[in-house]
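The primary structure of each chain is shown beneath.
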Amino acid sequence: MKRALGPALKILALRMPALAIPALAIPVLLFGSTMRAADAPVVVTSIKPIHSLVSAIMQGVGEPKLIVDGAASPHTYNLKPSNARALQDAKVIFWVGPGLEAFLEKPLQALGRDASIAELDNAPGLVKLPFREGGAFEPHDDAPEHESASGQHDSASDAPEHESASGQHDSASDAPEHEHDHAEADHDHDAFDTHLWLDPMNAKAMAAMITTTLVAADPANALTYQGNAKALNDRLDALDAEIKGIVAPVKGKPFIVFHDAYQYFEHRYGIRVAGSITVSPETIPGAERVSEIRHKVGELGATCVFAEPQFEPRLVNVVIEGTRAKSGVLDPEAATLKAGPDLYFTLMRGIADSMKDCLSST
């Protein structure tokens, strides 16, 4: 029996090298694939709307990491250990700036020293609006139409004059102090409303800065970034035209928002926001402010009061109690949306549709 097996084993041994070649090739191919994926730079983004723009520009190269995920808000976020590791490993970091993500200011100084950090509130051509007073505020009807540094940003309605990101913004002296925890920070970022992405033209300005930053950090993929940026700009122009059509029937109807996050949307599309329940999301309004807003709802005939998914909706119910106003939900920071390259478009259409649905039903 042993003699019979001997020749067979020798034959099998002679064949094994040939049989092993495909098996050995599999890890080699997988290793090569892993190496190609590793060529993409590690990119970290702060909030979902910014992550969406960066994702669109990085398609075909890599996927950026997101810090403020899920239903979290940058106004109240606490950095996690996994976020700190991502910042430490990052080659490129995108954030709006300390006026919005105050929780990132010190970690970026400590952990992001080896990364290229792009503060998108400094994007050239960006339109910035000064903070308005919270609570019951009135639009500045007597101010001229505004435009960006490029001179091409047209508003759908008359809006208060403001400057672009050129550094000539002079509203800090006459604007009310904003009540965010970061207001005492030693910078000028509290001189303007930081919800910049709620105007597609601002999104285009930020996308240009994102593209320039990625090309500088990863020139090997420059053509992909630039091609994706061109496609993104075309989509943003189409989105802008689409939203104008959605909100056109309800432009003249006043409404109240949870906090004053919608100036850029308002000025782009001629929407009439009559006031906000609270000055800032971190500050729970007292009985006097709630009473003031209820009076404003009745006085102006505000047709809707909008809550936000991250914050207590009970306040909205208190405000509309005893009035004819209805309630709705707006999600300016995309708390309920899945992160990805299409999120920005879903976010903006969602705001437009929510406004139209609530305001047209009253």
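None of these values were measured; they are calculated from a predicted model.

So, on to the sheet that holds strand E4 (residues 116-119). A sheet is described by the order of its strands in space; here four strands give the open sequence E2-E1-E3-E4, paired in parallel fashion. Edge positions in the sheet fall to strand E2 (65-66) and E4, since each of these pairs with one other strand and no more. Two elements, strand E1 (residues 43-45) and strand E3 (residues 92-95), share three bridges in a ladder whose sense is parallel. Residue pairing for E3: Val44 is matched across the bridge by Ile93. Here helix H2 (residues 48-58) sits on the sheet and contacts E1, E2 and E3; the angle it forms with E1, its principal contact strand, is near 150°.

What follows covers the state of the cysteines. One pass over the full model with this rule turns up one disulfide. One disulfide bridge connects Cys304 with Cys358, the sulfur atoms lying 1.9 Å from each other. Across the S-S bond linking Cys304 and Cys358, the dihedral sits near -110°, which makes this disulfide left-handed. Taken as a pair, Cys304 in strand E7 (residues 304-307) and Cys358 in helix H10 (residues 343-360) lie far apart in primary sequence, 54 residues in all.

The next subject is the side chain of Asn228. Among the structural elements, Asn228 can be located in helix H6 (residues 222-247). Here Asn228 falls in the buried class, since its relative accessible area comes to 18%. Reaching out from Asn228, the side chain makes a polar contact with the backbone oxygen of Ile57 at a distance of 2.9 Å. Ignoring anything within four residues of it in the chain, the contact list for Asn228 reads Ala56, Ile57, Met58 and Gln59.

A regular strand carries its side chains on alternate faces of the sheet. Residues Cys304 and Phe306 point to one face of E7 and Val305 and Ala307 to the other, with burial holding for every one of them. In this sheet, E7 lies alongside strand E5 (residues 255-259) in parallel orientation, the contact comprising three bridges. Note that in E7 the partner of Val257 across the bridge is Phe306. Strand direction decides the pairing type here: E7 and strand E8 (residues 326-329), joined by four bridges, are parallel. Note that in E8 the partner of Ala307 across the bridge is Val329.

This part is about the pattern of salt bridges. Any two side chains of opposite charge can pair, on the condition that their charged atoms come close. As enumerated under the stated definition, the model contains eight salt bridges in all. The salt bridge involving Lys230 is made with Asp234; its shortest N-O contact spans 2.9 Å. Separated by four residues within a single helix, Lys230 and Asp234 lie in helix H6, roughly one turn from each other. For Arg235, the salt bridge goes to Asp342, with nearest N and O atoms at 3.1 Å. Pair noted here: Arg235 is in helix H6 and Asp342 is in the loop between E8 and H10, with a separation of 107 residues, a long-range link. Connected through shared salt-bridge partners, Asp199, Asp240, Lys244 and Arg268 make up one network.

Cut-offs and rules
- Throughout this document, residue positions are counted from 1 along each chain, in the order its sequence is written.
- Reporting in this predicted model follows two pLDDT cut-offs: at least 70 for local features of residues, and 80 or more for side-chain atom pairs to be given and counted; totals over whole chains, interfaces and linings ignore these cut-offs and use all residues.
- Water and hydrogen atoms play no part in the side-chain values, which are based on all heavy atoms of the structure.
- In this scheme, strands are said to pair when DSSP sees at least two bridges between them.
- Only runs of H or I of at least four residues qualify as helices and only runs of E of at least two qualify as strands under DSSP, and these elements are numbered from the N terminus.
- Residues are treated as being in contact if the distance between any of their heavy atoms lies within 4.5 Å.
- Note on method: axes are straight lines fitted to C-alpha atoms, helices fitted across the in-contact stretch only, with angles between N-to-C directions ranging 0 to 180 degrees.
- Note on terminology: disulfide denotes any pair of cysteine sulfur atoms within 2.5 Å.
- Burial here depends on accessible area, computed with a 1.4 Å probe over protein chains only, as a share of the maximum for the residue type. Under 20% is buried, over 50% is exposed, and the range in between is partly exposed.
- In the analysis that follows, any N or O atom pair within 3.5 Å is treated as a polar contact, provided that within protein one partner can donate a hydrogen and the other can accept it, and provided that, for residues neighboring in sequence, both atoms belong to side chains.
- In what follows, salt bridge is the name for a side-chain nitrogen of Lys or Arg lying within 4 Å of a carboxyl oxygen of Asp or Glu.

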